[in-house]
Protein chains: 2
Amino acid sequence: MVRIIHWGLGAMGTRIAALVRDRADMVSVGAIDRDPAKTGKTLDQLLARVRLPAVPQVLTKTGQVGDRGTGSPSPGRLNGPAGGIVVGSPEDVLQTPADLVILATGSFVEEVAPQVILALEHGLNVITIAEEMVFPEATAPDHAQEIDRMARNRGAVVLGTGINPGFVMDTLVICLTGVCSQVRHIMVRRANDLSPYGPTVMAGQGVGLTPQQFEDGVASGRVVGHVGFLQSLGLIARALGWTLDRIEQSREPIVARLMRETPYVKVPPGRVAGCRHVARGFKNGREVIFLDHPQQVRPELEGFETGDEIRIRGQPDISLRTSPEIPGGAGTAAIAVNMVPVVMAAEPGLRTMADLPLPRMVG
Amino acid sequence: MVRIIHWGLGAMGTRIAALVRDRADMVSVGAIDRDPAKTGKTLDQLLARVRLPAVPQVLTKTGQVGDRGTGSPSPGRLNGPAGGIVVGSPEDVLQTPADLVILATGSFVEEVAPQVILALEHGLNVITIAEEMVFPEATAPDHAQEIDRMARNRGAVVLGTGINPGFVMDTLVICLTGVCSQVRHIMVRRANDLSPYGPTVMAGQGVGLTPQQFEDGVASGRVVGHVGFLQSLGLIARALGWTLDRIEQSREPIVARLMRETPYVKVPPGRVAGCRHVARGFKNGREVIFLDHPQQVRPELEGFETGDEIRIRGQPDISLRTSPEIPGGAGTAAIAVNMVPVVMAAEPGLRTMADLPLPRMVG
């Protein structure tokens, strides 16, 4: 029974907690969130709002986390404020006897590194869905080194994972190169639908802007597109023993020709429906990796099919397609939870998806 | 530099040796084959016959294995009979200072277990493409236990791999379940073209027989279809923590409607062009895994597309397709060689693809 502390109970953190509640081999023993609307509530109260088809919406009699009346885990362990109650102060919760923190607070190493360090100071393993932590060397080598050193000292494991970065554009690609004796070029395209996402994601992708506003937003850094290309490129290169001498990125607006509407945004023709973000990695002056990530709202209205596509040119060629794309939200929550037993069995240190045994669902 | 002994220089073993010759991080230091037509020849002489687009057909001046004039490996290590010359007696070659044996001699645990044991007695790691060794517990738990115990005693690693079993119907499937929080059913279909294969494979698949002869062949065991279903089912179940309570298999003839001809066989209409071999795994009385492997000569003549297809029903659903199939010969040779560095870094014992870090091509 792995004892888990949830740090960050936004959309993703709550989803993850709901999955942990459903696992027989894990138990939630603490929860941290700085949002005053959430502190003081029980995890079960927060999870009751999560509507996931796979998660039975059963509120237990005691209101304790993980107590699904199956006889285990022992209810005693779940009592006390750090068990079922969401607390604002990390230090208070991290005192709780626990094995692992699932960190779902931010995307960037700068944001989460202090949180990772704090968890490590309490001897806890960490799994985070922070995009940049999938391969922190890419943007923050000093933080990566410090985290690795500290994890080894404390006998703990730190892993960044998620659907992308973390799986579609790196882990799955690396796994497929395993059946190649030569890889000349890797192309990955992930075309997905942004319709389920809210205002924050819309803003980061420039949805609803005029094309000119989009270009200005790219220039000013307000339109970021996808966070994860540098990590996917870095992880592939590391795994394959490649040294990339140059990385290029571009962000282009996907302009609507028809009205595209979601619960959160209304994009008339001529406005931006999404962002096509592309990254290219070069080795010895030649492009060897091409990552293409067009993300938009209501792509089906203009006949754009969503899906993940991987093409490896080499010996042999491999051409693979998922249809539709592996969904980002459900997939990220699942892989974060599925990696728990793998992380618990791993050697101490900062690990990547490429260092660890295959991900797999257990249960 | 990993020093490799090649045991078995048939079609696959020769391909593997050609790939090792092309790797900067490995060197072939010995070769074993019982075929009198091969013993006494140098590996380079045998490899000169292999026509692989990815492998430069360079014969070295000295005729020594691995010496591609790049300055390394040191030529001294490659001298002597066990270096470049194919030898019939395993005991003689296994004296050579080496790190790992790549075993490509047979499909079944009963055949290769004594060879694995002999290699372990010499303290050597083993990678084998014997289909049943991908998960030897499935058909030979006693052998598996003995190999595991001996490998641990000797500080060596033993791994069975290949494209199928070893990748398409197990490793890749397990990896994909990593992004699922629930898996209700797994379907894998691998539709491939048998045209490149010779008489042995044709006989095992019943190609050229009448439908009645095919049925008789299935009954007598001469028509075997695919070797690997029990291993793929076992490996998936082990990784996912499932207990299968029943496995069913069926073999059906694929009857030609048009003339299908290859260099090795001519199948007139009404005769068998291939075998559709299916396996089903049941858990708590319900089918949870369906593996479908139609193999035939010249499928394109009747409009059958080849490819690998994986459908996971769960949370979320995943639907993936490669087109065409990942080729069996090239893929098996590549993954056997690609797993060498992974095996060299692994903990001693009998390992499976699901225990080890992701496969990947290095170079």
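What counts and what doesn't
Residues numbered from 1 in each chain as written. Chains lettered and ligands numbered in written order. Predicted model: local features only at pLDDT ≥ 70, side-chain atom pairs only at ≥ 80, totals over all residues. Heavy atoms only, no water. Phe/Tyr/Trp six-rings, centres within 6.5 Å; stacked < 30°, edge-to-face > 60°. Lys NZ or Arg CZ within 6 Å of the ring centre and 35° of its normal. Contact = heavy atoms within 4.5 Å. Buried area = accessible area lost by both parts, 1.4 Å probe. Polar contact = N/O pair within 3.5 Å; in protein donor to acceptor, adjacent residues only side chain to side chain. Helix = DSSP H or I, 4+ residues; strand = E, 2+ residues; numbered from the N terminus. Nonpolar A, V, L, I, M, F, W, Y, C, P; charged D, E, K, R; others polar. Pairing = 2+ DSSP bridges. Axes fitted to C-alpha atoms, helices over the stretch in contact; angles between N-to-C directions. Buried < 20%, exposed > 50% of the residue type's maximum accessible area, 1.4 Å probe, protein only. pLDDT = per-residue confidence, 0-100. Least-squares fit on C-alpha atoms with pLDDT ≥ 70 in both. Core = buried A, V, L, I, M, F, W, Y, C linked by side-chain atoms within 4.5 Å.

A. Local environment of the packing of aromatic side chains. The tally for this structure, following the rule as stated, stands at zero aromatic pairs over all chains. One cation-aromatic arrangement involves R246 of chain B over F282 of chain B; the distance from NZ or CZ to the ring centre is 3.9 Å.

B. View of the interface of chain B and chain A. Taken together, the contacts link 47 residues of chain B with 47 residues of chain A. Buried area between chain B and chain A, both sides added, is near 3,800 Å², and the carbon and sulfur share of it is 66%. Counting the surface chain B buries against chain A, the share from its top three residues, V179, L358 and M361 of chain B, is 17%. Where chain B packs against chain A, one counts 15 residue pairs in polar contact (both at pLDDT 80 or more). The leading source of residues in the side of chain B that touches chain A is helix α7 (residues 171–177) of chain B, at six residues. Its residues assigned to classes, the side of chain B that touches chain A comprises 31 nonpolar, 12 polar and four charged. The pairing of strand β14 (residues 318–322) of chain A with strand β14 (residues 318–322) of chain B spans three bridges and is classified as antiparallel. Looking at β14 of chain B, one finds that T322 of chain A is bridged to L320 of chain B.

C. Broad picture of the sheet that holds strand β4 (residues 100–103) of chain B. All names here are of chain B. Within the open sheet, the seven strands sit side by side as β3-β2-β1-β4-β5-β6-β15. Their pairing is parallel. The sheet terminates laterally at β3 (86–87) and β15 (349–351), the two strands that pair on one side only. With six bridges connecting them, strand β1 (residues 2–7) and strand β2 (residues 26–32) associate as parallel partners. Bridge pairing links R3 to V27 in β2. Helix α1 (residues 11–21) contacts β1, β2 and β4 of the sheet and is inclined by roughly 165 degrees relative to β1. Its contacts with the sheet place helix α5 (residues 109–121) against β1, β4, β5 (125–128) and β6 (157–160), and it is angled at close to 170 degrees to β4.

D. Spotlight on the pairing of strand β12 (residues 286–296) of chain B. Residue and element names in this part refer to chain B. With nine of its 11 residues buried, β12 lies for the most part within the structure. Relative to β12, strand β11 (residues 272–283) runs antiparallel, the two sharing 10 bridges. Counterpart to V278 in the pairing with β12 is D292. The hairpin formed by β11 and β12 contains two residues between the paired strands, and N284 there has a positive phi angle of roughly 50 degrees.

E. Structural detail: the confidence of the model for chain A. All names here are of chain A. The predicted model of chain A has a mean per-residue pLDDT of 91, with 91% of residues at 70 or higher. Low pLDDT (under 50) marks residues 53–82, which in the prediction has 61 contacts with non-local residues, meaning those over four places away or in another chain. Interface confidence for the predicted complex, expressed as ipTM, amounts to 0.91; the pTM equals 0.92.

F. Seen up close, the relation of the copies chain B and chain A. Rotating chain B by 180 degrees and translating it 0.0 Å along the rotation axis places it on chain A, where the RMSD comes to 0.0 Å. In the structure described here, the two chain copies are related by an operation that fits a two-fold rotation axis. For chain B, the residue whose C-alpha comes nearest the rotation axis is P357 of chain B, separated from it by 2.0 Å.

G. Representation of the environment of A273 of chain B in the model. Residues and elements named next belong to chain B. With respect to the helices and strands, A273 occurs in strand β11. A relative accessible area of 0% means that A273 is categorised as buried. With near-sequence residues (within four places) excluded, A273 lies in contact with V207, I254, A256, R260, V267, Q295, Q296 and V297.

H. Layout of unusual backbone geometry. Look at the link from Q315 of chain A to P316 of chain A: it is a cis peptide, with omega at -5 degrees. For P316 of chain A, the location among the structural elements is in the loop between β13 (307–315) and β14. With a phi close to 50 degrees, N284 of chain A is a non-glycine residue in the positive phi region. Note that N284 of chain A resides in the loop between β11 (272–283) and β12 (286–296). In this structure, R298 of chain B takes a positive phi of about 50 degrees despite not being glycine. Position of R298 of chain B among the secondary structure elements: in the loop between β12 and β13 (307–315). On the basis of relative accessible area, R298 of chain B is assigned to the partly exposed category, the value being 25%.

I. The nonpolar core, seen in detail. Counting residues in each nonpolar core, the largest one holds 121 residues, and the members touching the most others are F167 and I186 of chain A together with F167 and I186 of chain B. Beyond its immediate stretch of four places on either side in the chain, I186 of chain A contacts V173, T177, I236, L240, W242, V288, I289, F290, R311 and I312 of chain A.

J. Representation of the pairing of β13 of chain A. Residue and element names in this part refer to chain A. Burial of β13 is extensive: seven of the nine residues sit out of reach of the surface. Taken together, the nine bridges between strand β7 (residues 182–193) and β13 define a ladder with antiparallel strand orientation. Note that in β13 the partner of H185 across the bridge is R313. Relative to β14, β13 runs antiparallel, the two being bridged by five bridges. The residue of β14 that forms the bridge with I312 is I318. Connecting the antiparallel pair β13 and β14 is a turn made up of two residues.

K. Molecular detail of the sheet that holds β14 of chain B. With respect to topology, 12 strands assemble into an open sheet ordered β8(A)-β11(A)-β12(A)-β7(A)-β13(A)-β14(A)-β14(B)-β13(B)-β7(B)-β12(B)-β11(B)-β8(B), the strand pairing being mixed. If you trace the sheet from one side to the other, it starts and ends with β8 (246–255) of chain A together with β8 (246–255) of chain B, each paired once. Across this sheet, the average inter-strand angle for adjacent strands is 10 degrees, counted without regard to direction. Strands β8 and β11 of chain B of the sheet are contacted by helix α9 (residues 211–220) of chain B, whose axis makes an angle of about 155 degrees with β8 of chain B.

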